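# Notes for the structure review
The primary structure of each chain is shown beneath.
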Amino acid sequence: MRPARLLSSVLRTQQRAFSASSRRQDSYGIIGLGQMGYQMAKNLQSKLSPSDSVRLFDINKDAMHRLAEDIQTSQVGGAAVELAENVSKVAKDADTVITVLPEPAHIQGVYSEILKSNLSQRERVFIDSSTIDPSSSREVAKWVSDAKAGQFVDAPMSGGVVGATAGTLTFMLGCPDELVPRIEPILLRMGKRVLHCGAQGTGLSAKLANNYLLAVNNIATAEAMNLGIRWGLAPKILAGVINVSTGRCWPSEVNNPVPGVVDTAPAARDYAGGFGIGLMKKDLKLAIVAAEEAGAKLELGARAREVYELAEKEEKCKGRDFSVIYRFIGGKE
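The following paragraphs examine the structure supplied in this document. (Residues numbered from 1 in each chain as written. Predicted model: local features only at pLDDT ≥ 70, side-chain atom pairs only at ≥ 80, totals over all residues. Heavy atoms only, no water.)

## Concerning the overall build of the protein
Across its full length, the protein carries 14 helices and nine strands. Here the protein has a C-alpha radius of gyration of 22 Å; the compact-globule value for 333 residues is 20 Å, and the two agree. Along the longest, intermediate and shortest principal axes, the C-alpha atoms of the protein span 70 × 45 × 35 Å. Burial analysis of the protein (333 residues in total) assigns 50% to the buried set. Taking all contacts inside the protein whose residues are at least 6 apart in sequence as the whole, residues at least 24 apart take part in 73%. When the accessible area of the protein is evaluated, it comes to approximately 15,600 Å², of which 53% is carbon and sulfur surface. (Helix = DSSP H or I, 4+ residues; strand = E, 2+ residues; numbered from the N terminus. Rg over C-alpha atoms; globule rule 2.2 N^0.38 Å. Buried < 20%, exposed > 50% of the residue type's maximum accessible area, 1.4 Å probe, protein only. Contact = heavy atoms within 4.5 Å. Areas by Shrake-Rupley, 256 points an atom, 1.4 Å probe, with all protein chains shown as cover.)

## So, unusual backbone geometry
Glycine aside, a negative phi is what most residues show, and trans is what most peptide bonds show. The phi dihedral of Lys148 is positive, around 55 degrees, even though this residue is not glycine. Mapped onto the elements, Lys148 comes out in the loop between helix H6 (134–146) and strand E6 (151–154). One non-glycine residue with positive phi stands out, namely Tyr271, at about 65 degrees. Within the element layout of this structure, Tyr271 appears in the loop between helix H11 (250–253) and helix H12 (277–294). The class for Tyr271 is buried, based on a relative accessible area of 0%.

## Some remarks on the pattern of salt bridges
Enumeration over the complete set of coordinates arrives at 13 salt bridges. In this structure, Glu299 and Lys297 form a salt bridge, with 3.2 Å as the shortest nitrogen-oxygen distance. Accessibility classification places Glu299 together with Lys297 in one group, the exposed group. Notably, a salt bridge pairs Arg327 with Glu333, separated by 2.8 Å at the nearest N-O pair. For Arg327, a relative accessible area of 13% gives the class buried. When salt bridges with common partners are traced through the structure, they connect Asp270, Arg320, Arg327 and Glu333 into a single cluster. (Salt bridge = Lys/Arg side-chain N within 4 Å of Asp/Glu carboxyl O.)

Structure below.
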């Protein structure tokens with residue numbers, strides 16, 4: 001890895017080269033460079049003008065320097081890159097700040113720190129693409145509004161690491177109507193579709209409702225496939241019947257949990273990659289919490305959550321795609 005001093009020098013040189021011919025236009029900040037945020041940052045930076053700037057921060061300094069090196073060696077142009085010392089410096093002079101963090105507590109901690117700092121006055125937009133519960137998101141939005149620091153919107157995404165890398169994510173946007181024309185072009189630099197769901201918080205509500213359905217459908221698909229196979233049906237024939245009938249769903253057609261049915265599904269590679277069972281457990285938990293707050297009854301929620309929790313504890317399932325539930329229930333492989 002290149003020493004930090006040399007890397008900083010390279011980045012400063014890059015900035016001077018980028019800004020020599022025109023004034024700097026827009027300043028972006030990205031906080032959270034995990035598997036999703038890392039790839040989103042790469043796509044955003046590469047599609048911005050050389051007169052723009054992107055400040056990066058992650059608690060993992062290696063991730064920051066690795067991303068800066070990736071951008072430098074790719075020579076794709078795009079916005080100038082700066083590495084920030086903390087989250088406050090990311091947001092201080094930014095027009096747009098994007099956060100991609102694992103848990104509600106992380107979002108609350110980051111925004112608490114940002115809002116305690118001396119932010120410059122501007123029409124700043126905070127775009128949170130984390131998957132957290134809607135109530136926590138609305139709470140942070142109120143903090144930002146009360147501090148007159150800008151506007152906070154939610155834009156959780158669908159598409160996983162593959163979509164983040166390819167720039168094909170779908171964003172579910174929760175924000176006022178008047179902000180859509182400003183935010184949509186930013187998100188389309190990192191994805192291919194933006195679905196405006198309504199006011200702040202509705203993007204998360206839409207995602208969690210979808211993922212609740214996905215979690216239940218996945219278990220039901222695994223059970224139905226296991227049942228039919230034990231009755232003597234060939235897996236591909238059974239899947240073919242389901243996928244032209246009323247049982248058709250994404251877990252049966254695209255992410256079928258039985259090895260050999262769909263060549264591109266995680267089941268074909270020992271359930272590696274895909275959407276991790278731990279992430280599905282997390283999203284299901286968030287959906288259940290949000291449902292309780294809304295007074296919505298979920299007959300299957302608690303049992304589905306228990307299934308994912310039990311499966312994740314087993315070594316043969318831990319860390320694998322959530323379709324590994326088929327293995328957990330004893331499906332024939």
